[in-house]
Amino acid sequence: MARDKQGLEEALKRVEGELESARSSADRLLEAQRISGVGSYDFELASNTNVWSDQLYRIYGREPQSFNASYEVFLSMLHPEDREHVMAVHQHSLATGSPYEMEERVVWPDGQVRTLASWGEVVTDGDGTPLRMVGICWDITERKTMEAQLVHGALHDTLTGLPNRSLLEDRLALAVQALARRDQPLGLLLIDLDRFKIINDSLGHDAGDELLVAVAQRIAGAVRPGDTVARFGGDEFVVLCEELTSAGEALGIAQRVQDAVLAPLVIAGTELVVTASTGIALTADPSVLPGALLRDADSAMYNAKRSGRARSVVFADEMREEVTGRLETETQLRRALAEGQLRVHYQPILRLGGGVGRVGAVEALVRWEHPTRGLVSPGEFVPIAEETGLVVPLGEWVLEEACRQLVAWDKQGIRLSVSVNVSGVQITQPDIVSRVAAVLDRTGVDPARVALEMTESVLMRDAGETLSVLRALKDLGVRLHVDDFGTGYSSLSYLKRFPVDAVKVDRSFVDGLANDQEDIAIVGAIVSLAHSLGIEVIAEGVESVAQLTALQEMGCESAQGFLFSRAVPGREMARTLLGIPAARRSQEDVVKAEAKGA
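What this report covers is the structure whose coordinates are included nearby. What you see is a predicted model; the values in this text were computed from it and never measured.

1. Side note on empty space enclosed by the protein
In this approach, a probe sized like a water molecule rolls over the atoms, and the result shows the empty space that is left. Overall, the coordinates contain four cavities of 30 Å³ or more when judged by the stated rule. Size it by volume and the largest cavity reaches roughly 160 Å³. What lines the largest cavity is a set of 15 residues, among which Tyr41, Asn50, Phe74, His90 and Tyr100 lie closest to the centre. Every element with two or more residues in the lining of the largest cavity is listed here: β1 (38-44), β2 (49-52), α3 (71-76), β3 (100-107) and β5 (130-139). Among the elements that make up the lining of the largest cavity, the one with the highest residue count is β3 (three residues). When grouped by side-chain class, the residues that make up the lining of the largest cavity number eleven nonpolar, three polar and one charged. Of the voids in this model, the second largest cavity is the one considered here, and its volume is about 130 Å³. Among the elements of the structure, α13 (391-411), β16 (417-421), α14 (424-427) and α15 (432-443) are those that each provide at least two residues to the lining of the second largest cavity. When grouped by side-chain class, the residues that make up the lining of the second largest cavity number ten nonpolar, three polar and two charged.

Rendered as structure tokens:
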């Protein structure tokens, strides 16, 4: 009996130990669930009893064990849009016996919506009859929020919050596909702000960003509710308009955008009036390529820019041909630079004191001798060079060729100076000064014999930065000329600010010197103003003796034009100069030359 009693006591101790161990394991499991944020459930089908862990109650925003979590109660706590899906997943698992995993949303008592992930499986008896559903659940709201932010960031512009280029292209592709099911066309508006770079450079990038945000809001407020407004990049915006009634409706939307952008706004304490140029492409063809539609809108926008800015232009087929031609010209121009197809011609600049005086300088002008197209007009390829950045190596090449020509003429006993045009793109290059210095060093030309010509618009692009560049160029010893003087709006206020040696009166004023009193007054005022500031005056486009006489009477120092000579190659210029004693032509020679059409 003693041994039986002792055995019973030992058995009871073992049972108590196992129970304690079980309780300890359960406590550890609950603690682990709390720490990991994972809750568990055990749903008994026959009794509709749903046993939840404390952590699962917390995940559902409730106090642990505060109510009986029957299946109906469980469903009532889900987001109304998710209930049918959850029931369908459970029914499928019960029917097939397969595990399940899904995401569902739960609504907390305070109205907060949380996103949960759950995994579960069906427990069956020996015959395969479902008895229970058990599983785990955890909160993934923060992860889903972060994922949504990442997706939004990948598809939206960080500055304006508008759809970015990637999202626009996706929506455009879908819109084109939808044309197969619709009779109404779609329109694409490509909007580019006019002279944005000047604002950005003069007021700073923060002000430029502020302007872009304001413009984005204005564009979004001017379009129809279903239209997509995207920031395409830089200062370009795109509006995708589906189900248009006509081209007129697209033009109406573009006009509303123009009006909205045009309204004055204050940026960085400065009141600004901004305009935009808009290109419009329309299509009802579901086979059109979205990229082609974007290119068409860009072509139309480019035409709006060329037509004077602040306007809208609808794409026409001839614009595509023009763009194709421009791309071909760009490609061939790159080849021309590499293969030596470019030439420099020189137009003489004559001193006017004491009659028609000597040739003291020439202007270097680039020419392109295309192997099949012949002589390509500078007006055709120079703008393309500026837009593509090719003008930087092109301009440096012209400068070096002109300097080498001076050296060659020196050996022939011809002492001249040379003027070389410098574009706005070149001036904005951070190494412009070192590039010019390197050319002077390689050729050994006296910097004082080199004049760099730039237009007033170039001076105005970023007055502060340009002024520092010009001063650095002056420190090299070169001369600085303002080309096309009088055509800009900065003439009087900026002439005394920049270290200018000479101004070149634009040919549009010289044309009327023979009979237009206004042109006579303008040129006379320019000469008087320049002389009062110690600046030389050079007249461009002189083609008649009457013009020449008027300039001499005004005291203009120098002139160039077809009256004296067209631009010619360096060798021809040398032959001309060497063939005239002391490189002079009398007034009588000039009159005779004019009569012969020289």
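Now, onward.
2. Examining helix α22 (residues 570-578)
The periodicity of an α-helix, 3.6 residues per turn, causes residues three or four places apart in sequence to face the same way. All buried positions along α22 are accounted for by Gly570, Met573, Ala574 and Leu577. Seen along its axis, α22 keeps its buried residues to an arc of 100 degrees; they face one direction. Of the exposed residues in α22, those oriented more than 90 degrees away from the buried face are Arg571 and Arg575.

3. Section: the sheet that holds strand β11 (residues 276-283)
In space, the five strands of this open sheet follow the order β7-β8-β6-β11-β12, with mixed pairing throughout. The two strands at the open ends of the sheet, each matched to only one other strand, are β7 (228-233) and β12 (312-314). Across this sheet, the average inter-strand angle for adjacent strands is 20 degrees, counted without regard to direction. Running at roughly 130 degrees to β7, helix α6 (residues 165-178) makes contact with β6 (186-193), β7 and β8 (236-241) of the sheet. Seen against the sheet, helix α10 (residues 290-306) touches β6, β7, β8, β11 and β12 and runs at an angle of roughly 145 degrees to β11.

4. Digging into the pairing of β11
Of all eight residues in β11, seven are buried, a share of seventy percent or more. One ladder, built from eight bridges, connects β6 with β11; its direction is antiparallel. By the bridge assignment for β11, isoleucine 191 is matched with threonine 278. The pairing of β11 with β12 spans three bridges and is parallel. Paired with threonine 278 across the two strands is serine 312, which belongs to β12. Once you follow β11 into α10 and on to β12, the crossover reads as left-handed.

5. Let's talk about a nonpolar patch on the surface
On the surface, a cluster of nonpolar side chains totalling about 190 Å² of accessible area is made up of Leu251, Leu282 and Val314. Relative to the elements of secondary structure, leucine 251 occurs in helix α9 (residues 247-262).

6. A short note on the nonpolar core
Core analysis: the biggest nonpolar cluster contains 77 residues, and Leu452 and Val503 have the highest contact counts within it. Residue contributions to this core peak at nine residues, all from α13. Setting aside residues no more than four positions away along its own chain, valine 503 makes contact with Val482, Phe485, Leu495, Ile526, Ala530, Ile535, Glu536, Val537 and Ile538. Counting 31 residues, the second largest nonpolar core, distinct from the first, contains Leu162, Val223, Val257 and Leu265.

The rules behind each value
Residues numbered from 1 in each chain as written. Predicted model: local features only at pLDDT ≥ 70, side-chain atom pairs only at ≥ 80, totals over all residues. Heavy atoms only, no water. 1 Å grid on protein atoms, 1.4 Å probe; cavity = no way out; pocket = protein on both sides within 12 Å on 5 of 7 lines; lining within 4 Å. Points joined across faces, edges and corners; volume = space filled by probe spheres on them. Helix = DSSP H or I, 4+ residues; strand = E, 2+ residues; numbered from the N terminus. Nonpolar A, V, L, I, M, F, W, Y, C, P; charged D, E, K, R; others polar. Buried < 20%, exposed > 50% of the residue type's maximum accessible area, 1.4 Å probe, protein only. Arc of directions from axis to C-beta. Pairing = 2+ DSSP bridges. Axes fitted to C-alpha atoms, helices over the stretch in contact; angles between N-to-C directions. Contact = heavy atoms within 4.5 Å. Right-handed = clockwise from strand over helix to strand, strands pointing away. Patch = residues over 30% accessible without salt bridge, like charges linked within 9 Å, V, L, I, M, F, W, Y side chains within 5 Å. Areas by Shrake-Rupley, 256 points an atom, 1.4 Å probe, with all protein chains shown as cover. Salt bridge = Lys/Arg side-chain N within 4 Å of Asp/Glu carboxyl O. Core = buried A, V, L, I, M, F, W, Y, C linked by side-chain atoms within 4.5 Å.

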